[in-house]
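# Architecture at a glance
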Amino acid sequence: MKGFYAKNQTYLFYQLLLLLLTPLACYFAFGSPPVSWNKALLLAAVLLIGIAGTVFGLVAGLGLSLAVMFVFGSILLWKAFVSSAIFLSAKEIVIWMAAILAAPVVTGMLHKWVATMAAENQEMKEKFDQLVTIDEATGFDNYKRFLFEMEDEFKRSRRTGAPFTLLLIQVKYFEQFQKLYGAKETLHLLQSLSGILWSHTRMTDRKFRMADDTFAVILSNTEEENADIVIGKIGGLFKTHVLANQKQAVTLSVAFGVSSYNEGLGDAKELVQHASDELEQYIP
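Just so we're clear, the structure is a prediction, and the values are computed from it rather than from any experiment.

## Notes on the overall build of the protein
When you go through the protein residue by residue, the secondary structure sums to nine helices and six strands. Taking all 284 residues of the protein together, 36% fall into the buried category. Considering only intrachain contacts with a sequence separation of at least 6, the fraction spanning at least 24 residues in the protein is 68%. Accessible surface, the protein: about 17200 Å² in total, of which carbon and sulfur atoms supply 64%.

Now the structure itself:
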């Protein structure tokens, strides 16, 4: 039930709004006739049943409906045999009983329909996220694609003996930059950094955005010492960033982590871990 509220608050709001506005619209459509307190209570009971069916589903609505029917029937019997003053006609009794029974069925079906739509929407979103591998801000592949490409490159090197090096780049204090300069400047920062990587690495070097503040580059056919050349080219460019308003330049703190393929590694994850360890221990 917690998941239902979390994912369907908008749907739930519109359902309840429709449920409450419908009887009001009918009331004014008939010229706002006077309503006795007996009928007002019955209307409130029907609305309460409808709300229960909308929020909690058919079973809850039917349970409340049966409870209301029991109370309603008991009052009718008491009026018939004790008080002898029936406050509703036979036609009205039938109509109200039908409304009490119909309310949970209609709203329960609506609840099920909305819940089904939400579940299908969530499933489609998850499938879409699996298919989309491009980070919008940078144009780089995302972390899911990175894991796949690393595994593929590792197997290729194990099979052919060709070298490759993983380069990790982390922008320190990225969250502080976001809070200080806002979303527009953060997007400009990411686009500027990705532009530097596009310009100063080879087209064959695959580029990824692993996290908000971390990039990865798979340098194919590259030994670890050659990765230092790449770091030398991009390191200085990364450190000075001009804001989008062109009025101020900020100095960034950037860390690098490097790890190259060797036959002693067990798998691609181990190579990534070595680069991550070096990233954490990096001293400018």
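## Describing the sheet that holds strand β1 (residues 164-171)
Ordered by their spatial adjacency, four strands build an open sheet running β2-β3-β1-β6, and the pairing between neighbours is antiparallel. Two strands close off the open sheet at either side, each with one partner strand: β2 (206-211) and β6 (254-260). The mean inter-strand angle of the sheet, taken between neighbouring strand axes irrespective of direction, is 20°. Pairing of β1 with β6 involves seven bridges; the strand directions are antiparallel. By the bridge assignment, T165 is partnered in β6 with S260. Lying on the sheet, helix α8 (residues 224-239) is in contact with β1, β3 (214-220) and β6; it crosses β6 at an angle near 165°.

## Comments concerning helix α7 (residues 174-200)
Given a rise of 1.5 Å per residue, 27 residues ought to cover 39 Å, yet the end C-alpha atoms of α7 are separated by just 22 Å, more than 12% below that figure. When we look at burial in α7, the residues that qualify are F174, F177, E185, T186, L189, L190, L193, S194, I196 and L197. Of the surrounding elements, those touching the buried residues of α7 are β1, β2, β3, α8, β4 (240-242) and β5 (249-251).

## Quick notes on the pattern of salt bridges
Scanning all chains against the criterion turns up seven salt bridges. For E149, the salt bridge goes to R145, with nearest N and O atoms at 3.1 Å. Linking E149 with R145, this pair stays in helix α6 (residues 143-160), spanning four residues, or about one helical turn. A salt bridge links E153 to R156, with the nearest nitrogen and oxygen atoms 2.5 Å apart.

## Some details on the confidence of the model for the protein
Mean pLDDT over the protein works out to 81, with 82% of the residues at or above the 70 mark. Averaged pLDDT values over the elements of the protein bottom out at 43 in helix α1 (residues 2-7) and peak at 96 in β1. Low pLDDT (under 50) marks residues 1-7, which in the prediction has 12 contacts with non-local residues, meaning those over four places away or in another chain.

## With respect to α8
Since there are 3.6 residues in each turn of an α-helix, residues three or four apart along the chain are aligned in direction. With 16 residues, α8 extends 22 Å from end C-alpha to end C-alpha; this agrees with the ideal 22 Å at 1.5 Å per step. In α8, a bend of some 25° at I231 exceeds every other bend along the element. What α8 keeps buried is the set A227, V230, I231, I234, G235 and F238. Next to the buried residues of α8 lie β1, α7, β3, β4 and β6.

## Comments concerning the side chain of T201
Locating T201 in the fold gives a position in the loop between α7 and β2. Side-chain polar atoms of T201 contact the backbone oxygen of L197, separated by 2.4 Å. There is a polar contact of 3.3 Å between the side chain of T201 and the side chain of K207. Discounting residues that sit within four places of it in the chain, T201 has contacts with K207 and V230.

## Some thoughts on the environment of E136
Tracing the chain through its elements places E136 in the loop between α5 (90-131) and α6. Through-space distance from the C-alpha of E136 to that of L187 is 9.9 Å; in sequence the pair is 51 residues apart.

## Describing the nonpolar core
Of all hydrophobic cores here, the largest spans 26 residues; its most connected members are L167, I169, L193, L197, F215, I234 and F238. Of all the elements in the fold, those that place two or more residues in this core are β1, α7, β3, α8 and β6. The leading source of residues in this core is α7, at seven residues. Setting aside anything within four residues of it in sequence, one finds L197 in contact with F140, I169, K207, F215, V217, I234 and F238.

Reading the values: the criteria
- Residues numbered from 1 in each chain as written.
- Predicted model: local features only at pLDDT ≥ 70, side-chain atom pairs only at ≥ 80, totals over all residues.
- Heavy atoms only, no water.
- Helix = DSSP H or I, 4+ residues; strand = E, 2+ residues; numbered from the N terminus.
- Buried < 20%, exposed > 50% of the residue type's maximum accessible area, 1.4 Å probe, protein only.
- Contact = heavy atoms within 4.5 Å.
- Areas by Shrake-Rupley, 256 points an atom, 1.4 Å probe, with all protein chains shown as cover.
- Pairing = 2+ DSSP bridges.
- Axes fitted to C-alpha atoms, helices over the stretch in contact; angles between N-to-C directions.
- Expected span 1.5 Å × (residues − 1).
- Salt bridge = Lys/Arg side-chain N within 4 Å of Asp/Glu carboxyl O.
- pLDDT = per-residue confidence, 0-100.
- Bend = angle between axes of the 7 residues up to and from the residue.
- Polar contact = N/O pair within 3.5 Å; in protein donor to acceptor, adjacent residues only side chain to side chain.
- Core = buried A, V, L, I, M, F, W, Y, C linked by side-chain atoms within 4.5 Å.

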